[in-house]
Amino acid sequence: MADRAPLSPARRKQLIVGIIVGALVGVGVSLWTGFWLWLPAGLLVGLATGAIMRPPND
């Protein structure tokens, strides 16, 4: 397996913030609609958003 470079602290923070925002949105939409599957969908959207955002300048 190829060696992967470790995540920079700024990139790690970006992913964590994406997951937290996705969780908040998922919980909010789940409570609003009464459909609990919006929670994992919100988490995935938050993770994807954090992963594809422009990388922070280190």
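Residues numbered from 1 in each chain as written. Predicted model: local features only at pLDDT ≥ 70, side-chain atom pairs only at ≥ 80, totals over all residues. Heavy atoms only, no water.

Trainee: Is there a simple way to think about the overall build of the chain in this case?
Mentor: Each helix and strand in the chain was counted, giving two helices and zero strands. Per-residue burial over the chain gives 17% buried out of 58 residues. Taking the contacts inside the chain whose residues are at least 6 apart along the sequence as the reference set, 61% of them involve residues at least 24 apart. Working note: accessible area of the chain is about 4,800 Å², and carbon and sulfur atoms make up 74% of it. (Helix = DSSP H or I, 4+ residues; strand = E, 2+ residues; numbered from the N terminus. Buried < 20%, exposed > 50% of the residue type's maximum accessible area, 1.4 Å probe, protein only. Contact = heavy atoms within 4.5 Å. Areas by Shrake-Rupley, 256 points an atom, 1.4 Å probe, with all protein chains shown as cover.)

Trainee: I tried to follow the side chain of Ser30 on my own but got confused; where do I start?
Mentor: Relative to the helices and strands, Ser30 is located in helix α1 (residues 9-33). For Ser30, a relative accessible area of 13% corresponds to the buried category. A polar atom in the side chain of Ser30 sits 3.1 Å from the backbone nitrogen of Leu39. When near neighbours in sequence (up to four residues on either side) are disregarded, Ser30 contacts Phe35, Trp36, Trp38 and Leu39. (Polar contact = N/O pair within 3.5 Å; in protein donor to acceptor, adjacent residues only side chain to side chain.)

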